[in-house]
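What follows is each chain in one-letter form.
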Amino acid sequence: MSKQITRFGNIPSGAGGQRLPFSPAVRAGDFVFCSGQVAMKENGEVEDGGIEAQTRRTFENVKKVLKLADCTLEDVVKVTVWLDDTRDFWTFNRIYMEYFGENPPARSCVQSAMMVDCKIEIEVTAYKPL
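On a predicted model such as this, the values are computed, not experimentally measured, just so you know.

A. Spotlight on unusual backbone geometry. Phi is positive for Asp-70, close to 60°, though the residue is something other than glycine. Looking at the secondary structure, you find Asp-70 in the loop between helix H1 (51-68) and strand E4 (76-83).

B. Spatial organisation of the side chain of Thr-125. Relative to the helices and strands, Thr-125 resides in strand E6 (residues 120-127). Ignoring anything within four residues of it in the chain, the contact list for Thr-125 reads Phe-31, Val-32, Phe-33, Asp-75, Val-76, Val-77 and Lys-78.

C. Representation of the sheet that holds E6 within the structure. Here 6 strands make up an open sheet; going across it, the order is E1-E2-E3-E6-E4-E5 and the pairing mixed. At either end of the open sheet lies a strand with only one pairing partner, and these are strand E1 (5-8) and strand E5 (106-111). Each strand axis lies, on average, 15° off the axis of its neighbour in the sheet, ignoring direction. For strand E2 (residues 25-28) and strand E3 (residues 31-34), the ladder comprises 4 bridges, and the chain directions are antiparallel. For Val-26, the partnering residue across the bridge sits in E3 and is Phe-33. Its contacts with the sheet put H1 on E1, E2, E3, E4 and E6, and the angle it makes with E6 is roughly 30°.

D. Looking closely at the pattern of salt bridges. Under the criterion given, the structure shown has 9 salt bridges. Here Glu-98 ties to Arg-94 by a salt bridge, and the two come within 3.9 Å at their closest N and O atoms. Here Arg-94 and Glu-98 lie together in helix H2 (residues 89-100), a separation of 4 residues that amounts to about one turn. You can call Arg-94 partly exposed: its relative accessible area is 42%. Overlapping salt bridges, with partners in common, bring together Glu-52, Arg-56, Arg-94 and Glu-98 in one network.

E. A look at a nonpolar patch on the surface. Residues Phe-31, Phe-33, Val-77 and Tyr-127 make up a contiguous nonpolar surface patch of roughly 340 Å² in combined accessible area. Mapped onto the elements of the fold, Phe-33 is located in strand E3.

F. Main features of the packing of aromatic side chains. The final tally for this structure, using the stated rule, is 8 aromatic pairs. Each member of the aromatic cluster is reached from another via a ring pair, and the members are Phe-59, Phe-92, Tyr-96, Tyr-99 and Phe-100.

G. Layout of H2. In this model H2 runs 16 Å from its N-terminal to its C-terminal C-alpha over 12 residues, within 8% of the 16 Å that 1.5 Å per residue would give. Every buried residue of H2 is accounted for by Phe-92, Asn-93, Ile-95, Tyr-96, Tyr-99 and Phe-100. Elements that come into contact with the buried residues of H2 comprise H1, E4, E5 and E6. One or two steps after H2, the chain reaches Gly-101, where phi turns positive at roughly 65°.

H. Structural view of the side chain of Asn-61. With respect to the helices, strands and loops of the structure, Asn-61 is situated in helix H1. Residue classification places Asn-61 among the buried residues on the basis of a relative accessible area of 8%. Not counting the four nearest positions on each side in its chain, Asn-61 is found in contact with Gln-37, Val-38, Ala-39 and Met-40.

Thresholds, definitions, all that
- Along every chain, residues carry numbers that run from 1 in the direction the sequence is written.
- The model is predicted, so local features are restricted to residues of pLDDT at least 70 and side-chain atom pairs to those at 80 or more, both for listing and for counting; the totals for chains, interfaces and linings are taken over all residues.
- Heavy atoms throughout the structure, all of them, feed into the side-chain values; hydrogens and water do not.
- Here a helix means four or more residues in a row that DSSP labels H or I, a strand means two or more in a row labelled E, and each is numbered from the N terminus.
- In this analysis, two residues are considered to be in contact whenever any of their non-hydrogen atoms come within 4.5 Å of each other.
- In this description, strands pair whenever DSSP reports at least two bridges between them.
- Geometry is summarised by axes, namely lines fitted to C-alpha atoms with helices restricted to the contacting stretch, and by angles between N-to-C directions that run from 0 to 180 degrees.
- Here a salt bridge means any side-chain nitrogen of Lys or Arg lying within 4 Å of a carboxyl oxygen belonging to Asp or Glu.
- Remark: exposure states derive from per-residue accessible area (1.4 Å probe, protein chains only) relative to the maximum for the residue type, with buried under 20%, exposed over 50%, and partly exposed in between.
- Only residues whose relative accessible area exceeds 30% and that form no salt bridge enter a patch; like-charged residues are grouped when within 9 Å of one another, and nonpolar side chains (Val, Leu, Ile, Met, Phe, Trp, Tyr) when within 5 Å.
- Reported accessibility uses the Shrake-Rupley method at a 1.4 Å probe radius. Residues are deemed covered only where the shown protein chains occlude them.
- Only rings of Phe, Tyr and Trp enter the pairing, Trp through its six-membered ring, and a pair is recorded when the two centres are within 6.5 Å. The plane angle decides the type: under 30 degrees is stacked, over 60 is edge-to-face, the rest tilted.
- Multiplying 1.5 Å by the residue count of a helix minus one yields the expected span of that helix.

Given below as structure tokens:
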């Protein structure tokens, strides 16, 4: 059996068009690992508004990255979430349930300072056999 690793998506750009040193998604066998997503709009600006607007934008970005590897949220088996402010936890949870429903994947959620001026970052791992 040969090693099967596939990288998806273009190398992303950060502030000022600077190339960022990671792939949006990588398939290793039957697993797809997605880089952390934030509430970045298409124009490179962070979504205006509070945790609700930023969580929704972040999930839409996660869905776009999953699609690069022919996956959906239904294929997600693990989610890691970083929140800038612990007071946003319950609002985040309410929105999270809208995306994952009654059968959510495993999850870790911690409070952390962010590398960009946003309130949330979400990273997912999906399982979809080849």
